[in-house]
Amino acid sequence: MIPKILLSFDVEEFDMPLEYNFNITTDTQMEIGKKGLDNLMPIFNDQNYTTTLFTTANFANYYPYTIKVLSVKHEIASHTFFHSNFITAHLFESRIRLEDIIQKPVRGLRMPRMRQVPLTDIKEAGYSFDASIHPTWLPGRYNNFHLPRTKFSDQGLIRVPASVSPNFRIPLFWLSFKNFPYAMYLRLALQTLRKDGYLSLYFHPWEFTNITAFGLPNYTTKGSDTELLDKLYRFLNDLKKQAEFVTMSDFIEIANKE
Ligand SMILES: [Zn+2]
């Protein structure tokens, strides 16, 4: 099997400043999210790159046309209804709303901040896969060293963890991409790709905008905007020489056939 890249973006309102007690209006949260999405359009429109976009129904309600257009080439999955508040009913309601917008089935879920919810709730809401696992240790957030590092089936639900390196489970998530030197990040990513046969990576559109004015810590904002976009172009270009970009649903289907 040609190695696969599962590139995903959490398409959402930019609410992170609220975590740092910085006041940001809903309209601004949406505008920053949309600006990031617009900045990424050359990647979304590039024939080499197919992605999975975990979208809050709240964001999709603001920009239904954009989400519908993106759904032609990319997989739209759910990032629940609102990024900042959650009740169980949102699992179902977000799926229905997104399906209504794109007129296609929505199969996957990623919970905001990788929050864990009962798998029975996810299944009952009609999802067939979940991508809400980061199988590493993040100080102050979670310790998931006990969970499988690669795709597995759990109570009838397929779970696709975000990639971490085979040795020491170094996370390959957005903060690593931003903060590690390029050569180091690429080496870890290729090592993981060779070992696992695929890479599951996630970013947020708002990272690809200027987010220096919202009271966020330096490690989340440095090297953002166009600098990060250039880094991403370079990285995707290096990856496409050795792997194929597929949606999560396609990846699961291909893996089932083998
Ligand atoms: Zn999110």
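Before going into details, it helps to say that this report is about the structure given with it. Bear in mind the structure is a predicted one, so any value in this text is a computation, not a measurement.

Reading the values: the criteria
- Residues numbered from 1 in each chain as written.
- Predicted model: local features only at pLDDT ≥ 70, side-chain atom pairs only at ≥ 80, totals over all residues.
- Heavy atoms only, no water.
- Donors = N, O, S within 2.8 Å, 3.2 Å for Na, K, Ca; no water.
- Buried < 20%, exposed > 50% of the residue type's maximum accessible area, 1.4 Å probe, protein only.
- 1 Å grid on protein atoms, 1.4 Å probe; cavity = no way out; pocket = protein on both sides within 12 Å on 5 of 7 lines; lining within 4 Å.
- Points joined across faces, edges and corners; volume = space filled by probe spheres on them.
- Helix = DSSP H or I, 4+ residues; strand = E, 2+ residues; numbered from the N terminus.
- Nonpolar A, V, L, I, M, F, W, Y, C, P; charged D, E, K, R; others polar.
- Axes fitted to C-alpha atoms, helices over the stretch in contact; angles between N-to-C directions.
- Left-handed = near helix turned anticlockwise from the far one by under 90°.
- Contact = heavy atoms within 4.5 Å.
- Polar contact = N/O pair within 3.5 Å; in protein donor to acceptor, adjacent residues only side chain to side chain.

With respect to the coordination of the zinc ion
Okay, so step 1: Taken together, Glu12 (OE), His79 (NE2) and His83 (NE2) make up the full set of protein donors to the zinc ion, lying 2.1 Å away.
Okay, so step 2: When its relative accessible area of 1% is taken as the criterion, histidine 79 is described as buried.

Details of unusual backbone geometry
Most peptide bonds are trans, and most residues other than glycine sit at a negative phi.
Okay, so step 1: Here the phi dihedral of glutamine 103 falls at roughly 60 degrees; this positive angle occurs in a residue that is not glycine.
Okay, so step 2: In this structure glutamine 103 comes out as exposed when scored by relative accessible area, which is 56%.

Looking at the layout of surface pockets
Okay, so step 1: In this structure, the largest pocket spans a volume of roughly 450 Å³.
Okay, so step 2: In terms of lining residues, the largest pocket is bounded by 24 residues, among which Met16, Arg113, Arg141, Trp174 and Leu175 are the most central.
Okay, so step 3: When residues of the lining of the largest pocket are traced back to their parent elements, those giving at least two are helix 1 (16-19), helix 8 (174-179) and helix 10 (218-221).
Okay, so step 4: Tallied by class, the residues present in the lining of the largest pocket amount to 13 nonpolar, four polar and seven charged.
Okay, so step 5: Estimated volume of the second largest pocket: approximately 240 Å³.
Okay, so step 6: What lines the second largest pocket is a set of 14 residues, among which His74, Glu75, Lys104, Arg107 and Thr247 lie closest to the centre.

Notes on the packing of helix 9 (residues 182-196) against helix 11 (residues 225-240)
Okay, so step 1: The geometry of helix 9 relative to helix 11 is characterised by a closest axis approach of 11 Å and an angle of 35 degrees between their N-to-C directions. Note on packing geometry: the crossing formed by helix 9 with helix 11 is right-handed. Packed against helix 9, whose contacting residues are Tyr182, Tyr185, Leu186, Ala189 and Leu190, the element helix 11 presents Lys231, Arg234, Phe235, Asp238 and Leu239 at the interface.
Okay, so step 2: For the contact of helix 9 with helix 11, a count of residues per class yields seven nonpolar, no polar and three charged.

Here's the deal with the side chain of serine 163
Okay, so step 1: Note that serine 163 resides in the loop between strand 9 (157-159) and helix 8.
Okay, so step 2: A distance of 2.7 Å separates a polar atom in the side chain of serine 163 from the backbone nitrogen of serine 200.
Okay, so step 3: Setting aside its immediate chain neighbours within four residues, serine 163 contacts Pro171, Leu172, Thr192, Tyr198, Leu199 and Ser200.

Read these as geometric descriptors, not functional statements.
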